[in-house]
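# Structural characterization, general
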Amino acid sequence: MNALDLARWQFGIVTVYHFLFVPLTIGLSFLVALMQTAWYLSGNARYLAMTKFWGKLFLINFAMGVVTGIVQEFQFGMNWSDYSRFVGDVFGAPLAIEGLIAFFLEATFIGLWIFGWDRLPKLAHLISIWMVAIATNLSAFFILAANSWMQHPVGFRINPERGRAELTSLWDVLNNLTTRVTFPHVLTASFITAAALVIGISAWHLYRRQHVEVMRESLKMGFVVALIFGVGVAVTGDIQAKVMTEQQPMKMAAAEAIWDTQQPASFSIFTIGTPDGQSELFSVRVPYLLSFMATGDPNGVVEGINDVQRQSEERFGPGDYRPIIPVTYWSFRYMIGFGVLTSALSLLGLFMMRGGRNPAEKKWFYRAALWTIPFPLIANSFGWIFTEMGRQPWVVYSQMLTRNGVSPLVGPGLVLTSMIVLTLLYLVLAVVEVALIVRYAKAGPPDTGAPVEPPGRAAGRSDGEHRDGEHRDGEHGDGEQAERPLTFAY
């Protein structure tokens, strides 16, 4: 393998690994903020226990995401220096804003939230976690704006003397249509990812009849969030597919492995083809669906790979402008399939919770809930694989080929060494991450020093009404319980 192939492999490994943490961070930040808001408004200690428990898992994931994200950006200078030189004036603008505004907001307010439990007024502390959630989403927006520019470059001009793209309108870059359809899709997918973690861990405790009231409320919240945002993912994904078809027709043709233009075009759920991928032997298809996904019209025209290839040669010159078809075909289906499974389990779970029932008492459902935890993560990963590999051979669509962006002075040996080192390092980090998540997830919610109210009971209780085995911390003058900082010492 040459330096280009190795650099692509390394970037893919690091990117997919980093994005395992991003959606969890985005989704959990808002869920924890909602839990703390419920506690602030109701005074119910159940929501306090939920906030501290899920907040602890959020912090573990946030820390790992920061570490892997730093390496992610270093790669632009390590292996892709020609790309960085070409796009730096444009691509660097949203990344700089992300670092100077969004990341510093995250870092500041997450510190206030961690150490402010017994130091800040309740409202100020609540605002801190909401600022973390808002800043996390701002960070995602600016990064997606940079990536969307690679998919659909706008707001720039090419300087022929310097041979690089130069920014002409930051507003056009940030207001890119691709960004506007990608951001809500990523956001809704992140909520499902966080909800799946909540569902799986809550079911684990409920199956063992541990922390029943806290985990039942968490399970219900996970189901509702996954179901609502499952619909959101479908709607935003449909909008994104139509924009993608208009901007990158080859990507949609490759997603379905359509070699010749079709009207109407059916969507194949499963296909077996010849080894060269150009002929179909057997498939299971949904008539008209691909036409509707691509154009909004069940009888719409979907251009085929061969036709788009001819158009690309006429526009850009001789070359192969096709991505790796099996990768785009299957990653598109895995993305959809694993996302649908999560939402389907949530719908079933809500139905089974009716009348105060505990669906996690059934062993098959408890196991299904545990297996659901990685499903949105897999869907997110395949979604990004499809997005990035479906754009090939372009690193900046229509402007720069991937082979022209690699560092010219970095040889295969150096790239291979860094790839092996980073892969092994990330493997160690993965073990640490999973071990921490499992350890603190099994430990359950911390003792908040106040009773956890069962459903239907008032939030307030007299001091003598504590359950057996529960104790109270010291109290403030206003009757509010003294709270300890949210740290891993629980």
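Summarised in this report is the structure supplied together with it. (Residues numbered from 1 in each chain as written. Predicted model: local features only at pLDDT ≥ 70, side-chain atom pairs only at ≥ 80, totals over all residues. Heavy atoms only, no water.)

## Quick look at the packing of helix H3 (residues 45–78) against helix H4 (residues 81–115)
- Interhelical geometry of H3 versus H4 gives an angle of 160° and a closest axis separation of 12 Å. Taken together, the axes of H3 and H4 lie roughly antiparallel to each other. Our pair here, H3 against H4, has a crossing hand that is left-handed. Counted together, Thr51, Gly55, Phe58, Leu59, Phe62, Val66, Glu73, Phe76 and Gly77 of H3 and Ser81, Tyr83, Ser84, Phe91, Leu95, Glu98, Phe103, Glu106, Ile110, Trp113 and Ile114 of H4 form the full contact between these two elements. (Axes fitted to C-alpha atoms, helices over the stretch in contact; angles between N-to-C directions. Helix = DSSP H or I, 4+ residues; strand = E, 2+ residues; numbered from the N terminus. Parallel < 35°, antiparallel > 145°, perpendicular 65-115°, else oblique. Left-handed = near helix turned anticlockwise from the far one by under 90°. Contact = heavy atoms within 4.5 Å.)

## Things to note about helix H1 (residues 3–18)
- For H1, built from 16 residues, the straight-helix expectation of 22 Å at 1.5 Å per residue is met to within 8% by its first-to-last C-alpha distance of 22 Å.
- When H1 is considered as a whole, its buried residues turn out to be Ala3, Leu4, Leu6, Ala7, Gln10, Val14, Tyr17 and His18.
- Where H1 is buried, its residues meet helix H2 (22–42), H3 and helix H15 (412–443).
- The opening residue of H1 is Asn2, an N-cap whose side-chain oxygen sits 3.2 Å from the backbone nitrogen of Leu4. (Expected span 1.5 Å × (residues − 1). Buried < 20%, exposed > 50% of the residue type's maximum accessible area, 1.4 Å probe, protein only. Polar contact = N/O pair within 3.5 Å; in protein donor to acceptor, adjacent residues only side chain to side chain.)

## Digging into the packing of aromatic side chains
- Overall, the coordinates contain 31 aromatic pairs when judged by the stated rule.
- We note Arg333 situated over the ring of Tyr329; from NZ or CZ to the ring centre the distance is 3.7 Å.
- Across from the ring centre of Phe351, 3.9 Å away, lies the NZ or CZ of Arg354, which sits over that ring. (Phe/Tyr/Trp six-rings, centres within 6.5 Å; stacked < 30°, edge-to-face > 60°. Lys NZ or Arg CZ within 6 Å of the ring centre and 35° of its normal.)

## Section: the packing of helix H8 (residues 212–247) against helix H12 (residues 325–352)
- Close contact between H8 and H12 brings their axes to 8 Å; oriented N to C, the two are set at 130°. Compared by their axis directions, H8 and H12 come out oblique. Two packed elements cross with a definite hand, and for H8 against H12 that hand is left-handed. Along its contact with H8, which presents Lys220, Phe223, Val224, Ala226, Leu227 and Gly230, the element H12 presents Ser343, Leu345, Ser346, Leu347, Gly349 and Leu350.
- Residues of the contact of H8 with H12, tallied by class, amount to seven nonpolar, four polar and one charged. (Nonpolar A, V, L, I, M, F, W, Y, C, P; charged D, E, K, R; others polar.)

## Overview of unusual backbone geometry
- Residue Pro264 follows Gln263 across a cis peptide bond; omega there is -10°.
- Structurally, the position occupied by Pro264 is in the loop between helix H9 (249–256) and strand S3 (267–273).
- Cis peptide bonds are those with omega within 30 degrees of zero, and the linkage from Gln392 to Pro393 qualifies with 15°.
- Here Pro393 is to be found in the loop between helix H14 (374–389) and strand S5 (394–396).

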